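Residues per chain, in single letters:
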Amino acid sequence: MKHSADFFVRSAVTETTRSYMGSLMSFLVTSVETENRFFLLELRMKPGNEPPPHLHYDQDEVYYILEGELEVYCMGEVRTVRAGETIFLPRNQAHAFYYLSPTLRFLALLQPGGPGGYSLDRYFEAMSSPSTNMQLPAIATTYALSDPAPAIALAAKHGVKMLTPEETAELLPHYLGFGVPRKNRSH
């Protein structure tokens, strides 16, 4: 019988973690290690570090919330996901988030890992730097504070479409906007 992957144990520690847009991203299982079947991350984030509204052409996402609350916009609906809950985000569906708690920690499983020759974990690696500790940075460049052009171009090469404001308004009608703190808004 042919074995397709190595056997290993890994945790979210400095050696597996990268600083990413004000957040921490621990690479628990990579696309390469699973022959592109899936990859698994642990993410630590805080309000203001949300990604822009986007969609994945060829990957489904599953989030399991370990700590905190996440407000998710997808398929014309708004859902709040809390610690101990799971949310499924299907491929080709626009989605956006607000982080509702002071910190958020969750597992993200993306499947398949690297369809069509691109890999979202390679995107994350290119957009991040090695972490020196497991604390969220007090000050960091985030999507909302950076020039979006490099991220948009790189994301497109890895199967992710960052939505324009017009596309966001059409595909995510309940989403209140990107880059303004959630606490300043009301439903």
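This text goes with the structure placed above it.
Source: prediction; values computed, not measured. (Residues numbered from 1 in each chain as written. Predicted model: local features only at pLDDT ≥ 70, side-chain atom pairs only at ≥ 80, totals over all residues. Heavy atoms only, no water.)

Q: Could you give me a rundown of the environment of Tyr143, with the residues and numbers involved?
A: Relative to the helices and strands, Tyr143 resides in the loop between β11 (129-130) and α2 (148-157). C-alpha of Tyr143 to C-alpha of Pro51: the two residues are 92 residues apart in sequence and 6.1 Å apart in space. Setting aside its immediate chain neighbours within four residues, Tyr143 contacts Tyr20, Met21, Glu50, Pro51, Pro52, Tyr123, Met127, Ala151, Met162 and Phe178. Of note is the side chain of Tyr143, whose polar atom sits 2.7 Å from the side chain of Tyr123. (Helix = DSSP H or I, 4+ residues; strand = E, 2+ residues; numbered from the N terminus. Contact = heavy atoms within 4.5 Å. Polar contact = N/O pair within 3.5 Å; in protein donor to acceptor, adjacent residues only side chain to side chain.)

Q: Pulling in residues and values, what's your account of the sheet that holds strand β2 (residues 23-29)?
A: Strands sit in the order β8-β5-β10-β3-β2-β1-β11 across an open sheet of seven strands; the sheet is antiparallel. Strands at the two margins of the open sheet, each flanked by one partner only, are β8 (86-89) and β11. (Pairing = 2+ DSSP bridges.)

Q: Describe in detail the side chain of Thr142, supporting the description with residues and values.
A: Relative to the assigned elements, Thr142 resides in the loop between β11 and α2. If we ignore the near neighbours within four places in the chain, the residues touching Thr142 are Met21, Gly22, Gly48 and Asn49.

Q: Give me the lowdown on the nonpolar core, citing residues and values where you can.
A: Inside soluble globular proteins, nonpolar side chains tend to come together where they are buried. Of all hydrophobic cores here, the largest spans 31 residues; its most connected members are Tyr20, Tyr63, Leu70, Phe106, Tyr123, Phe124 and Tyr143. Filtering out sequence-adjacent residues up to four positions away, Tyr20 remains in contact with Met25, Tyr123, Phe124, Met127, Ser128 and Tyr143. Grouped together as the second largest cluster of nonpolar side chains are eight residues, Leu55, Ala96, Tyr98 and Leu172 included. (Core = buried A, V, L, I, M, F, W, Y, C linked by side-chain atoms within 4.5 Å. Buried < 20%, exposed > 50% of the residue type's maximum accessible area, 1.4 Å probe, protein only.)

Q: Break down the pairing of strand β6 (residues 69-74) for me, with residues and values.
A: The element β6 is largely enclosed, with a buried count of five among its six residues. Pairing of β6 with strand β7 (residues 77-82), which is carried by six bridges, proceeds in the antiparallel orientation. Looking at β7, one finds that Glu69 is bridged to Arg82. Here β6 runs beside strand β9 (residues 95-99); their pairing, made up of five bridges, is antiparallel. Counted as the bridge partner of Cys74 is His95 from β9.

Q: Provide a residue-level description of the pattern of salt bridges, including the pertinent values.
A: In this structure the tally under the stated criterion is nine salt bridges. In this structure, Arg37 engages Glu35 in a salt bridge whose closest nitrogen and oxygen atoms are separated by 3.4 Å. For Glu35, a relative accessible area of 44% corresponds to the partly exposed category. With its nearest N and O atoms 3.4 Å apart, the salt bridge here joins Glu42 to Arg105. With a gap of 63 residues between them, Glu42 in strand β3 (residues 39-45) and Arg105 in strand β10 (residues 104-111) connect regions that are remote in the sequence. Summarising the burial analysis for this pair, Glu42 and Arg105 share the class buried. (Salt bridge = Lys/Arg side-chain N within 4 Å of Asp/Glu carboxyl O.)

Q: Run through the packing of aromatic side chains, naming residues and quoting values.
A: In this structure the tally under the stated criterion is eight aromatic pairs. Where Tyr20 meets Tyr143, the ring centres are 6.0 Å apart and the plane angle is 80 degrees; that geometry is what we call edge-to-face. In this pair, Tyr20 sits in strand β1 (residues 17-20) while Tyr143 sits in the loop between β11 and α2, placing the two residues 123 residues apart along the sequence. Ring pairing ties together the aromatic residues Tyr20, Tyr123, Phe124 and Tyr143, which thus form one cluster. If you follow Arg10 out to its NZ or CZ, it ends over the ring of Phe8, 4.2 Å from the centre. (Phe/Tyr/Trp six-rings, centres within 6.5 Å; stacked < 30°, edge-to-face > 60°. Lys NZ or Arg CZ within 6 Å of the ring centre and 35° of its normal.)

It is worth stressing that arrangement in space is one thing and function is another; only the former is reported here.
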